[in-house]
Amino acid sequence: MQELSVRFTFFLASVFLLHLHPTIGIRFVIDREECFSHSVPYEGDTVHVSFVVIKAETPWHYGDEGVDLVVKDPSGTQIHDFYDKTSEKFEFMAQKRGLHRFCFTNRSPYHETIDFDVYIGHFSYFEQHAKDEHFGPLLEQIGKLEEALYNIQFEQHWLEAQTDRQAIVNEGMSRRAIHKALFESAALIGASVLQVYLLRQLFERKLGRV
Amino acid sequence: MGGRTRGRRCGLLGSYMLTLALASFLAVAPPSGALRFELQSGHTKCISEDLKIHAMAVGKYAVVNPSDSAPLPDSHKITVRVTSPYGNSIHYADQVDSGNFAFTSSEEGDYLACLWAPDHNPPATMAVEFEWRTGVTAKDWTNVAKKGQIDVMELELKKLEDTIKSIHDEMFYLREREEQMQDMNRSTNSRMAWLSFLSLAVCLSVASLQLWHLKTFFERKKLL
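Before going into details, it helps to say that this report is about the structure given with it. On a predicted model such as this, the values are computed, not experimentally measured, just so you know.

1. Structural notes on the sheet that holds strand 4 (residues 78-83) of chain B
Remark on secondary structure: sheet strands pair via backbone hydrogen bonds, oriented parallel or antiparallel. Strands sit in the order 6(A)-3(A)-8(A)-1(A)-2(B)-7(B)-4(B)-5(B) across an open sheet of eight strands; the sheet is antiparallel. Every interior strand has two partners, whereas the edge strands, strand 6 (87-93) of chain A together with strand 5 (89-96) of chain B, have only one. Geometrically, the sheet is characterised by an average inter-axis angle of 20° between neighbouring strands, direction not taken into account. Direction of pairing for strand 2 (residues 44-51) of chain B relative to strand 7 (residues 109-116) of chain B: antiparallel, over a ladder of eight bridges. Residue pairing for strand 7 of chain B: Ser-48 of chain B is matched across the bridge by Leu-112 of chain B. Helix-sheet contacts for helix 3 (residues 137-209) of chain A involve strand 1 (26-30), strand 3 (46-56), strand 6 and strand 8 (112-121) of chain A together with strand 2 of chain B, and the interaxial angle to strand 3 of chain A is about 15°.

Written out as structure tokens, the structure reads:
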């Protein structure tokens, strides 16, 4: 009887640990609106969400175009919304289990590449029930460690996305510096040639008349 | 006495392996950690993922059946293509309702997985479940367990070790990127300084050229 319960807890633990899914991190191009759904397996799970707008395909590659994000729970009630943000990282406790919807709306008329990441943390719920289920203490600690590591990976993914965004902005800035200087020089030379030409015209006309 | 306990231990290990296999089957069957999005007929949706060299990637996609009893209608089929950053096609599936792909990246860059639904009259919207795992999460841990006859504890600890290693590698990569950006900022800074001197020099030289030209012009016309 004891062996059966041990085997059962082992089974539960392995199902649980194998189900601990790490972050999903994807990049996609948004046109006008894009919606994603992700299932939250247990009520009371902490859902960590982050998104970063990597680049916006504007002609001159400038400006802080942002997106709106609306988070809805399975019954359709709005949990969170963010307006015109280029990057955001937040978390919430899921009140219901099921498919949560994340809808992005593009604010600018250009295509934007967005890096989106969702991570579901189970252990806050797990701790409350650990005493009831008699999970082996070692497995429980390993589970907690795994969860902490996935959390670190989630933060790191966000950092990486931010770094990518900054790299693109910096490259754009460098290119724009050169373009600006060349354009400025060309404008100066053009303006001076025009000035000389106009003055010559003026004096030749006056001299011609005299 | 020793023989009896050894026999019992062997039976226990076997039953543990069975329960592990059952649990992993439950974990593997539906892509439960997947992201779900809507695909309209005639439209394409692309998802990209930045992979480093020699990174393992595993992907799973399935069209969600709106009704549980009826089979999936023929219009609910998608075409999937996975391409590498240099344009090589890694995986191609035409008119399927589910599938999976796995590969090891040979080039570093953005890998694109594009799904499109064929045109249909009236336009239908189907929900697609898509899951893409890279690196540590792409490894098939159940195979690792079966190969080495390892118990769950050791398996989990191995998984943790791999995760920590990948975090460490990512941190090195982030440090490299940071250094690159610092270099670029420094170069942009010095470039802006040189270019503003250039602008000033162009301005002054052009002004002096103007003065010289007008002077000779007026002297020629006997006005000065």
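Still more ground to cover, so stick around.
2. Quick notes on the state of the cysteines
Under the counting rule described, the total for this entry stands at two disulfides over all chains. A sulfur-sulfur distance of 2.0 Å marks the disulfide that ties Cys-35 of chain A to Cys-103 of chain A. Between Cys-35 of chain A and Cys-103 of chain A, the disulfide has an S-S torsion of 110° and is therefore right-handed. Of the two residues, Cys-35 of chain A sits in strand 2 (residues 33-40) while Cys-103 of chain A sits in strand 7 (residues 98-106), which places them 68 residues apart along the sequence. On the basis of relative accessibility, which here comes to 13%, the residue Cys-35 of chain A falls in the buried class. The class of Cys-103 of chain A is buried, set by a relative accessible area of 12%. Between the sulfur of Cys-46 of chain B and that of Cys-114 of chain B lies a disulfide, 1.9 Å long from S to S. Its S-S torsion of about 105° marks the bond between Cys-46 of chain B and Cys-114 of chain B as right-handed, since a negative value means left-handed. Pair noted here: Cys-46 of chain B is in strand 2 and Cys-114 of chain B is in strand 7, with a separation of 68 residues, a long-range link. Residue classification places Cys-46 of chain B among the partly exposed residues on the basis of a relative accessible area of 28%. With relative accessibility at 12%, the residue Cys-114 of chain B sits in the buried group.

Basis of the calculations
Residues numbered from 1 in each chain as written. Chains lettered and ligands numbered in written order. Predicted model: local features only at pLDDT ≥ 70, side-chain atom pairs only at ≥ 80, totals over all residues. Heavy atoms only, no water. Pairing = 2+ DSSP bridges. Helix = DSSP H or I, 4+ residues; strand = E, 2+ residues; numbered from the N terminus. Axes fitted to C-alpha atoms, helices over the stretch in contact; angles between N-to-C directions. Contact = heavy atoms within 4.5 Å. Disulfide = S-S within 2.5 Å. Buried < 20%, exposed > 50% of the residue type's maximum accessible area, 1.4 Å probe, protein only.

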